[in-house]
Amino acid sequence: MQKTLYLFASGRLQRKDNTVYIEAEEGRKYFPVESIRDIYVFGEVDLNKKLIEFFEEKEIVVHFFGYYGNYVGTFYPREHYNSGYMILKQVEHYLDFQRRLDLARRFVQGAVDNMTQVLRYYLNRGKELQDNLYAISSLEARIPSASSVEELMALEGNIRRHYYYDSFNVILADTPFTLKGRSRQPPADPLNALISFGNTLVYTKILTEIYKTHLDPRIGYLHATNFRRFTLNLDLAEIFKPIYADRILFTVVGKKMLGVEDFDRQGGLFLLKERARRLYVQEFENKLQTTFYHRRLKRNVSYQTLIRLELYKLEKHLMGEEPYEPFVSRW
């Protein structure tokens, strides 16, 4: 089984035959290339052009992060699976106003359904979230009648305000953390730093999985296809952020696995220290490897596999075989 390689140590990443190794102060550590799905580089790692060519040959996506875990960019190898037919279908659905709007609605509805599942879980455990759920439900009722993608984006933004600003503080009331409004660049408090870090892991993980399909990541529907490098992964991430990033946040904060000492404050922004990033990544990987019973497939699948299955469903929608229905978690 292929796994994600996370590099936190600084050093030099090199190739030896059919393996890659990191040479750091602690010595060398080798990794068989056939066992690597993708690589996340957090440390100060040097590499050369020959290694990049090797990654391209072996179809390995590499994601780069800054010193404090901020996303820098991705080495996305030359596509080996793209098909002209699928690209045409993606473009057709983007250029056709109604078909694009239909897909955008489905992404927003899937996101809202999964956010609602999170809140209901905590409502059933005694958290006072009735008003939050009612406010989200009122906005959700307007999704089918939204007349443009821009209106959908505005609706989704308003729903997320109720979800993040109001609900997170209720769920995490017994912790020393408070969400002071959503702020991305820069994160204005520890919870915002955790939300941004988790969301970035979801974005990049979906990007890796898109690479293994016939889909082109540059053509999104909810998020406009423009001069940004990738947008389709942002669309799918709306569905998966509540399932992966938010649940992990509630675990590491609610179980007091992280404390205020795990964040650096620099003026008005908060940044995760290395220990916090390592711990979050470990929980993220644990989540991806966890299996659950998939009612439609009638078998157990992992949360890692779930992303690929969602992309296959999208492909079928684009080819006109079956309407896309977003995955909704039952916790």
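Quick notes on the rules
- Residues numbered from 1 in each chain as written.
- Predicted model: local features only at pLDDT ≥ 70, side-chain atom pairs only at ≥ 80, totals over all residues.
- Heavy atoms only, no water.
- Helix = DSSP H or I, 4+ residues; strand = E, 2+ residues; numbered from the N terminus.
- Rg over C-alpha atoms; globule rule 2.2 N^0.38 Å.
- Contact = heavy atoms within 4.5 Å.
- Areas by Shrake-Rupley, 256 points an atom, 1.4 Å probe, with all protein chains shown as cover.
- Lys, Arg positive; Asp, Glu negative; His and termini not counted.
- Charge placed at Lys NZ, Arg CZ, Asp CG, Glu CD.
- Phe/Tyr/Trp six-rings, centres within 6.5 Å; stacked < 30°, edge-to-face > 60°.
- Buried < 20%, exposed > 50% of the residue type's maximum accessible area, 1.4 Å probe, protein only.
- Salt bridge = Lys/Arg side-chain N within 4 Å of Asp/Glu carboxyl O.
- Polar contact = N/O pair within 3.5 Å; in protein donor to acceptor, adjacent residues only side chain to side chain.
- Pairing = 2+ DSSP bridges.
- Axes fitted to C-alpha atoms, helices over the stretch in contact; angles between N-to-C directions.
- Core = buried A, V, L, I, M, F, W, Y, C linked by side-chain atoms within 4.5 Å.
- Arc of directions from axis to C-beta.

Enquirer: So what's going on with the overall build of the chain? Which residues, and what values?
Expert: Tallying secondary structure elements over the chain gives 10 helices and 12 strands in all. Here the chain has a C-alpha radius of gyration of 20 Å; the compact-globule value for 331 residues is 20 Å, and the two agree. Structurally, the chain occupies a C-alpha span of about 60 × 50 × 40 Å along its principal axes. Put simply, 64% of the contacts in the chain that link residues at least 6 apart link residues at least 24 apart. Looking at the chain as shown, the accessible area adds up to about 15,300 Å², and 50% of this sits on carbon and sulfur atoms. Computed over 48 positive and 42 negative side-chain charges, the inter-centroid distance for the chain is 2 Å.

Enquirer: Tell me about the packing of aromatic side chains, and please be specific about residues and values.
Expert: Tallied over the full model, the rule gives 24 aromatic pairs. Look at F177 and F263: their rings are 5.9 Å apart centre to centre, the planes differ by 70°, and that puts the pair in the edge-to-face class. Residue F177 is located in the loop between α5 (149-171) and α6 (190-211), and its partner F263 is located in strand β9 (residues 263-266); the two are separated by 86 residues in the primary sequence. With relative accessibility at 4%, the residue F177 sits in the buried group.

Enquirer: Describe in detail the pattern of salt bridges, supporting the description with residues and values.
Expert: Overall, the coordinates contain 21 salt bridges when judged by the stated rule. Residue E209 is joined to R308 by a salt bridge in which the shortest nitrogen-to-oxygen separation is 2.6 Å. Linking E209 in helix α6 with R308 in helix α10 (residues 303-318), this pair joins segments that are 99 residues apart in sequence. According to the relative accessible area criterion, E209 is buried, its value standing at 2%. For R308, a relative accessible area of 22% corresponds to the partly exposed category. The partner of K273 in a salt bridge is D264, and the shortest N-O contact between them spans 3.9 Å. The exposure class of D264 is partly exposed, given its relative accessible area of 25%. The network of salt bridges with common partners includes E156, R160, E238 and K241.

Enquirer: Describe in detail the environment of P144, supporting the description with residues and values.
Expert: By the secondary structure assignment, P144 is in the loop between α4 (130-140) and α5. For the pair P144 and P217, spaced 73 residues apart in sequence, the C-alpha separation works out to 26 Å.

Enquirer: Please provide a residue-by-residue account of the side chain of S167, values included.
Expert: Relative to the elements of secondary structure, S167 occurs in helix α5. Overall, S167 belongs to the buried group, its relative accessible area being 0%. Within the local environment of S167, its side chain forms a polar contact with the side chain of N132, the two groups lying 3.2 Å apart. Polar side-chain contacts of S167 include one of 3.1 Å to the backbone oxygen of H162. Once residues within four sequence positions are removed from consideration, S167 is found in contact with L119, L129, N132 and H162.

Enquirer: Go over the sheet that holds strand β6 (residues 45-46) with me, naming the residues and quoting the values.
Expert: A sheet is described by the order of its strands in space; here 4 strands give the open sequence β4-β3-β2-β6, paired in mixed fashion. Each edge of the open sheet is held by one strand with a lone partner, namely β4 (27-32) and β6. Pairing geometry for strand β2 (residues 11-16) and strand β3 (residues 19-24), over 5 bridges, is antiparallel. Of the residues in β3, the one forming a bridge with Q14 is Y21. Here helix α1 (residues 49-57) sits on the sheet and contacts β2 and β3; the angle it forms with β2, its principal contact strand, is near 55°.

Enquirer: Break down the nonpolar core for me, with residues and values.
Expert: In terms of nonpolar packing, the biggest core is built from 87 residues, with F240 and Y244 touching the most fellow members. Other than its neighbours up to four places away in sequence, Y244 contacts V202, F284, K287, L288, Y303, L306 and I307.

Enquirer: Can you break down the pairing of strand β1 (residues 3-7) residue by residue, with the values?
Expert: Residues in a regular strand project their side chains so that they alternate between the two faces of the sheet. Of all 5 residues in β1, 4 are buried; the element is thus mostly enclosed. Where β1 lies against strand β5 (residues 36-41), 5 bridges are found, and the strand directions are parallel. Bridge pairing links K3 to I36 in β5.

Enquirer: Quick rundown of α4? Include the residues and the values.
Expert: All buried positions along α4 are accounted for by N132, L133, A135, I136 and L139. Take α4 and look down its axis: the buried residues cluster within an arc of 160°, on one side only. Among the exposed residues of α4, those pointing more than 90 degrees away from its buried face are D131 and Y134. Against the buried residues of α4 lie α3 (97-123) and α5.

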